[in-house]
Amino acid sequence: IGRLGQLLSPALPVRKEQAQRGAIAAAADIQKAHNELVHDVTRLYYTAVYARQVGVIAADVVGQVELLTKIGRDVLNSATPGTMTKAKLDAMEIGLRDARKLLLTARQGERQAYAALRELMAVQDAAVRFVAKDKELPMMAQNVPVTEELVVELALCRRPELALAAAGADAFRLEVYAQSAIRFRKTVPTLATGGDIKAREVPATVRDPKLQYKPGAIIPEMPPQLVGNQSDRVARAMAYSHRADAVFEKARNLVHLEAENAFYEFDFASKLVAEGKGKFEFGRDLMERIKENVDNPKAERDQLVGGYVQAAKAQSDYVEAVWQYLLT
């Protein structure tokens, strides 16, 4: 509406600039939702694969331990029990229960992961069943060295939360100009008139001594209208603008902290994978040796059961380490 509209509303050019910042903020919000959805689906997909892989290990353990326990039970009830005692059989029964518990936990985790995947993928029919294509967790190829500086730099350049906070800070600065453009009115609407800027969920600070300290964000503040003469309204708008600057600075600090923590978790997980790979190989070798001694009448059955369960735990620990590595 050109100059006529500007004569009727002197703040109109500034409102147009604020509307552009609002479009930037909306785009950043959509990008944030997109990133979170991709992350959640990827996480749950690999969680389902992880649970299934652990379930395969647990099923093998249950089968072998059931066989060993049955042999031990038959030997104890025979006329020549030898070194088999009730205490040893009880230890074998305990190992069998531990193996079954691992299998039940894996199957429950797999069901929960698929249920969450159906919800994320908007599959309304609970009868729809699908299975993850991967049978085992993949080891990701790392062609570029991942450093703390690289992770922090990428986070500060790409996180849509910073674009959202920066657009908000710009819009709040423009509010100062919008209020100064109107001289003779005692009540002037602000950028908050058309919506609720506090509707967005802001993470709160966590100071529970049992949990990791997690700082919270600053909530932006702007009333739907400012009251007073021009200088009073401008002063109030400047105060809210300074708060918006603090919101952006706090958001930047939080992104920086999250990136640092993410790298530390990644570095820790990668070291666990390296350590766990050796345990996995030893566990697999131990399982093979135990299988070779299943029919050996001189072998201590309770020791075979304990060794087999221990070997399976070493393998499942490695699979869990790979899962944590993928998540980080």
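Residues numbered from 1 in each chain as written. Predicted model: local features only at pLDDT ≥ 70, side-chain atom pairs only at ≥ 80, totals over all residues. Heavy atoms only, no water.

Asks: Can you lay out the nonpolar core for me, pointing to particular residues and giving the numbers?
Replies: In this structure, Val61 and Leu137 are the most contacted members of the largest nonpolar core, which totals 42 residues. Mapped onto this core, the elements with two or more residues apiece are helix H2 (12-77), helix H3 (86-120), helix H6 (230-292) and helix H7 (301-327). Broken down by element, this core gets its largest block of residues, 13 residues, from H7. Discounting chain neighbours no more than four positions away, the residues touching valine 61 are Ala99, Met287, Tyr308, Val309 and Ala312. In terms of nonpolar packing, the next biggest core, distinct from the first, is built from nine residues, Val176, Ala192, Leu226 and Ala244 among them. (Core = buried A, V, L, I, M, F, W, Y, C linked by side-chain atoms within 4.5 Å. Buried < 20%, exposed > 50% of the residue type's maximum accessible area, 1.4 Å probe, protein only. Helix = DSSP H or I, 4+ residues; strand = E, 2+ residues; numbered from the N terminus. Contact = heavy atoms within 4.5 Å.)

Asks: Talk me through the confidence of the model for the protein chain; I want residue IDs and the actual numbers.
Replies: In this model, the protein chain carries a mean pLDDT of 85, and residues with pLDDT of at least 70 account for 92%. Here helix H1 (residues 2-8) is the element of the protein chain with the lowest mean pLDDT, 71, and helix H4 (residues 148-158) is the one with the highest, 95. (pLDDT = per-residue confidence, 0-100.)

Asks: An account of the environment of valine 176 is needed here, citing residue identities and associated values.
Replies: Looking at where valine 176 falls in the secondary structure, it is placed in helix H5 (residues 160-180). Those residues within four positions of valine 176 in sequence are excluded, and the remaining contacts are Val234, Ala237, Met238 and Ser241.

Asks: Give me the packing of aromatic side chains: which residues, what numbers.
Replies: Considering all chains together, one arrives at five aromatic pairs under this definition. An angle of 65° between the planes, with centres 6.2 Å apart, marks the rings of phenylalanine 263 and tyrosine 264 as edge-to-face. What makes phenylalanine 263 buried here is its relative accessible area of 12%. Owing to a relative accessible area of 43%, tyrosine 264 belongs among the partly exposed residues under this scheme. (Phe/Tyr/Trp six-rings, centres within 6.5 Å; stacked < 30°, edge-to-face > 60°.)

Asks: Provide a residue-level description of the packing of H2 against H5, including the pertinent values.
Replies: With their axes 8 Å apart at the nearest point, H2 and H5 run at an angle of 165° to one another. It follows from the interaxial angle that H2 and H5 lie roughly antiparallel. In the crossing of H2 with H5, the sense of the turn from one axis to the other is left-handed. Contact with H2, carried on its side by Val14, Arg15, Glu17, Gln18, Arg21, Ile24, Ala25, Ala28, Asp29, Gln31, Lys32 and Asn35, involves Pro160, Glu161, Ala163, Leu164, Ala167, Asp170, Ala171, Leu174, Glu175, Tyr177, Ala178 and Gln179 of H5 and no other residues of that element. When the residues that make up the contact of H2 with H5 are grouped by side-chain class, the tally is twelve nonpolar, four polar and eight charged. (Axes fitted to C-alpha atoms, helices over the stretch in contact; angles between N-to-C directions. Parallel < 35°, antiparallel > 145°, perpendicular 65-115°, else oblique. Left-handed = near helix turned anticlockwise from the far one by under 90°. Nonpolar A, V, L, I, M, F, W, Y, C, P; charged D, E, K, R; others polar.)

Asks: Quick rundown of the packing of H4 against H6? Include the residues and the values.
Replies: Interhelical geometry of H4 versus H6 gives an angle of 145° and a closest axis separation of 9 Å. The crossing of H4 and H6 is right-handed. Residues Glu148, Val151, Val152, Ala155 and Leu156 of H4 lie in contact with H6, whose contacting residues are Arg252, Val255, His256, Ala259, Glu260, Phe263 and Tyr264.

Asks: Can you explain the layout of surface pockets? Please cite residues and give values.
Replies: Reported here for the second largest pocket is a volume of approximately 340 Å³. In this structure, the second largest pocket is lined by 18 residues; those nearest its centre are Val54, Leu102, Thr105, Ser316 and Asp317. Residue assignment for the lining of the second largest pocket shows that the elements contributing at least two residues are H2, H3 and H7. Looking at the lining of the second largest pocket element by element, the count peaks at seven residues for H7. Of the residues contributing to the lining of the second largest pocket, the split by class is ten nonpolar, four polar and four charged. (1 Å grid on protein atoms, 1.4 Å probe; cavity = no way out; pocket = protein on both sides within 12 Å on 5 of 7 lines; lining within 4 Å. Points joined across faces, edges and corners; volume = space filled by probe spheres on them.)

Asks: Report on the pattern of salt bridges, specifying residues and quantitative values.
Replies: Going through the model one piece at a time under the given rule, you end up with 15 salt bridges. Put simply, Glu17, Arg21, Asp170, Arg173 and Asp245 are held in one network by salt bridges that share partners. (Salt bridge = Lys/Arg side-chain N within 4 Å of Asp/Glu carboxyl O.)

Asks: Kindly report on the side chain of glutamine 18, identifying the contributing residues and their values.
Replies: Mapped onto the fold, glutamine 18 is located in helix H2. Overall, glutamine 18 belongs to the buried group, its relative accessible area being 8%. Among the polar contacts made by the side chain of glutamine 18, one reaches the main-chain carbonyl oxygen of alanine 171 at a distance of 3.0 Å. Among the polar contacts listed, one links the side chain of glutamine 18 to the side chain of glutamate 175, at a separation of 3.0 Å. Aside from chain neighbours lying at most four places away, what touches glutamine 18 is Ala171, Leu174, Glu175 and Leu191. (Polar contact = N/O pair within 3.5 Å; in protein donor to acceptor, adjacent residues only side chain to side chain.)

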